[in-house]
Structure formats: structure tokens, C-alpha cells
Amino acid sequence: MFGEKILDYWDDIVQDLGKLVAIPSVAVPSEGPHPFGDQCARIMDAVVELAQGYGLSAKNVDYYAAHAEIGEGPENAIVMAHLDIVPAGEGWDTDPFTLVLTEDGRAIGRGVSDDKGAAVVALHCLRALKDAGVKGNRKLRVVFGSAEEIGMQDMPYYFSKEQHPDMGFTPDSGYGICHCEKGIINLSIKSASHSPLIKNFASGTVSNAVPAKAECQIVCTEGEYLQLAENAKAAEVEITVTRTEDGAKLLAKGKASHAAAPQQGKNAAAYMVKLLAETFGSDRLGEFFQFVYEKIGLTTDGSLLGVNISDEPSGPLTFNLGLLSCGAQGSSLTVDIRYPATKDGTWVSETIEKAVQEAGLTYTLLSDAKPLYLPKESQLVTLLSGAYQDIAGEPCEIYSMGGGTYARQMFGKGVGFGPGFPDDAPSNAHDVNEQIDLRRFRLHAQICLEAMYRMFTA
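Residues numbered from 1 in each chain as written. Predicted model: local features only at pLDDT ≥ 70, side-chain atom pairs only at ≥ 80, totals over all residues. Heavy atoms only, no water.

**Student:** Give a description of the packing of aromatic side chains that names residues and reports values.
**Tutor:** Taken as a whole and judged by the stated rule, the model has 11 aromatic pairs. Here the aromatic rings of Phe 2 and Tyr 453 are separated by 4.7 Å at their centres, their planes lie at 15°, and the arrangement is stacked. Taken together, the residues span a long stretch of sequence, with Phe 2 in the segment before helix H1 (10-21) and Tyr 453 in helix H11 (residues 438-457) at a distance of 451 residues. A residue is classified by how much of its surface remains accessible, and Phe 2, at 13% relative accessible area, is buried. With a relative accessible area of 27%, Tyr 453 lands in the partly exposed category. (Phe/Tyr/Trp six-rings, centres within 6.5 Å; stacked < 30°, edge-to-face > 60°. Helix = DSSP H or I, 4+ residues; strand = E, 2+ residues; numbered from the N terminus. Buried < 20%, exposed > 50% of the residue type's maximum accessible area, 1.4 Å probe, protein only.)

**Student:** Explain the pattern of salt bridges to me, using residue names and the numbers behind them.
**Tutor:** Close approach of charged atoms allows side chains of opposite charge to pair. According to the stated counting rule, one finds 26 salt bridges in the structure shown. Asp 104 is the partner of Arg 106 in a salt bridge, and the nearest nitrogen-oxygen pair spans 3.1 Å. Given a relative accessible area of 41%, Asp 104 falls into the partly exposed group. If you follow the salt bridges from partner to partner, you end up with Asp 12, Arg 127, Lys 130 and Asp 131 in one network. (Salt bridge = Lys/Arg side-chain N within 4 Å of Asp/Glu carboxyl O.)

**Student:** Now, about the sheet that holds strand E24 (residues 435-437): what can you tell me, with residues and values included?
**Tutor:** Judged by pairing direction, the sheet is antiparallel, and its 3 strands sit side by side in the order E4-E5-E24 without closing on themselves. The open sheet has two edge strands with one neighbour each: strand E4 (100-101) and E24. Two elements, E4 and strand E5 (residues 106-108), share 2 bridges in a ladder whose sense is antiparallel. Across the sheet, residue Val 100 finds its bridge partner in E5, namely Ile 108. Sheet contacts for H11: E4, E5 and E24; angle to E24, the most-contacted strand, approximately 75°. (Pairing = 2+ DSSP bridges. Contact = heavy atoms within 4.5 Å. Axes fitted to C-alpha atoms, helices over the stretch in contact; angles between N-to-C directions.)

**Student:** Before we move on, can you summarise unusual backbone geometry with the specific residues and values?
**Tutor:** Residue Asp 115 is reached from Asp 114 by a cis peptide bond, and omega for that bond is 10°. Mapped onto the fold, Asp 115 is located in the loop between E5 and helix H3 (116-131). Looking along the chain, the bond that leaves Gly 418 and enters Pro 419 is cis, with omega of 5°. Inspection of the secondary structure assignment puts Pro 419 in strand E23 (residues 419-420). Although it is not a glycine, Asn 433 adopts a positive phi angle of roughly 60°. Of note, Asn 433 is situated in the loop between E23 and E24. On the accessibility criterion, Asn 433 (13% relative accessible area) is buried.

Printed below as a string of C-alpha cells:
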């Protein structure tokens, strides 16, 4: 199989991954020539330099995205990966921006799993095809994005300047082939009024991750403080309560997870609100935090808002309270919803909006990324299935997921394909100590090259 040739480049793959992990490329919308911040611009420059150093044609498209390519012809096959990352967060066992190789064959660092590792592999697959002199029937591009984690605003701009794909995949999910992705709604709820109890509240760094930490300050009496401290001992997450001059300071520690699977985490903000509600009651909470307690609570399926829907291809709706804050300007929260691929996102949004307005709060629909659905019998799914089966030696599962990948940016021409395997240990993507098993990742590299070879030559 042609895919095995990628192993000749393994040392360079690991070395280049270290170079990219060292760049803290958290996307931050910015003015000026760097639309997603200086660090994302820096990593775009770095990947173009790597590609050109390997003799590949490469282009930086105004720092929104970059690509490397081989081949020619009117058609365009692509592999899309992203080089932006979520914030590192606290609690790492190692420096998140230093690639650490362990004795048991793991690589640890922010972005190794999501999605810098797969991006580097795809780049070297292009290099392997070029070095082998393979003649293709179309262009083959690896597109490197810089804002996947904050809504994928990079891709509409990129494709306004560059050719649309005829086929492609993103190695930012898991094997076998993800032919179906849920729709993704982001919404905010705000209130200008102030809580009689809560002076300030802060939790979360991005909407598409379960917040692992929540902090707040409240006003309370000595007796209330003692009762709060006692109640905190029974919480399902660790919540510390410290006495202040006029009340108390609280710190909750939960467990982060991706918004596509919020049930796997422990939402620190939700547990904090629950403790406050059950200790002080609704009158002290105020209308905003009472809404959080009554209509969101600890649920991750939207059931308290009446949007707990499901379908056969993609499964149930998921609901993640990602950001929650309160301060001098009022209170706000941001929610990430993944809704079933055959259902109506407009209905989901309107149902929640009605409940928010009835509570006297302000609702804003921030975005609604429509679902992706590619039939299992399509040419692309068949091609990728064959590449997987021939390298892995087992049938290729066709599945759906709640994650939102670049596949939905491919105009109905792409799917999610790798790099994770069903029996892999947790990669901790979007969590501390993000990692990959290098031995399994070598298998992904072979599958990726075989798939790119077949897309190039089919």
C-alpha cells in the first residue's frame, strides 16, 4: 500500500509537530492584517515556511488560512485541518506549549490531538506524494485554518478567494467516516439587572467547552456563610468557600469536556449556581441566576427548556452552558447546542427564545451552523472506506457525531475522517494534558496518505 511510505517521514513529522505546538495559536478576532491575532498569524507563516521548505507550492490567504498543494487540473481535492487551539487552561502536568514525548509512546501538548498533529501528517503526505513523483488527476490541497475553534469564520473568506473542493475530508474527528454532523447553535442570554446576592461571577473560556472552574463573590451574613460552607461539603464537585468582609468568595472545580459531549464533564458554573440556589433561594438569586437554575440546571440535553429532541442518524441534542459571568454591567451566559441533523435549528432557537423572554431576559442568536449529511453510498465515502479497510485491515464504520468540523465548510463535498480510533485512550482534547498515542497515530498517518493518494489519482 502506498500509505506505508509516510513512515519514512516520521521523525520529521514529530519534529514539525513540536514546532507548531510551541506556538500558542489561540484564535482571537482582531483588527488589522491579522484577523485572528498575532499568534494565529505566526502559525500561518510557520506552516507555509515548512511547506515551501519541502518543495511544495504554498500560499497564505491573508492570514485567514493557508494551503499547500501538488498537482493540476480543473478539479480540487482537499484535506482541511486547523492550527488554532482552545486556551490551555490550568492544571497541566507539563508545559502545554512544549511537546513532551513519554516513555510509553505518547505525545503531550496543546493541539497534538486537535488538530495540529493531523495537520502536520497531512502536510507530509503531500510531501510523500511529491517525492514519489505520483501523477494525479486533479489538484490536491491541504488547507490550514486559523479559526475553527471560534466559529470557522476563516473558511468563508478563504473560499471567497480560492477554489471550492470537489471532494475532501477533515482529519478532525475519528475513524471510520463521519458522514453526518449535528447543527450547532450558539446563543447568549443577558440581563442588565443585578442579583441581590451575587456581586460577581466568572466561569468558562470558550462556549464549546464545559467550564472546569467557576468563581464568584457574594454578600451574606455570618450565619449564611456557615450554612453555605456546610452545604458546599455535599456538592458533587469541589467547592471552597472563604469568608470575606461582607460575605464570601467561592471557587468551584469541575471537569472540562468538549461541548459535543457535555455529559462527560462536570460543569463548574452549573454546580455553583445550584449550591447558591439551594442555600439562598430564588429571591436572593435574582431573575437571571434563577433562570439558570430552573431552566438549565445540571442538564446537558435541553430538557428543562423543552428542546430535548433526537433522531436516528445523529442522536440526541446536547446543551452546554459554556460561559457565565456577572459584574457591574449585568449578567450574561453563552450556550453551545448541537442539534440532530434532520431537525430544525430555527425551532430550537425560537423555543428557547420564548422561554428567555418570558423570564424577562434578553436572547440573542449568535450563530446557527446547519448540519452536514452525506449519504453512505456516495463516491467519497466509498473511496475513503476502501483506504481505511486496506490499511487498518478491518471494516470502516460510518457514523455521525455532535462535533462541528471543517467538513461542513466543504459545500456538501466532504466528511470527517480520523485521526482517532474507537479504542483509543482519551485524547483530552479541550482539556488539560491533551495527548495522542504515537503508535496509533502512525496508523492514522498511513491511512491518511492512502486516502490522499486515492483522492489524487481516482
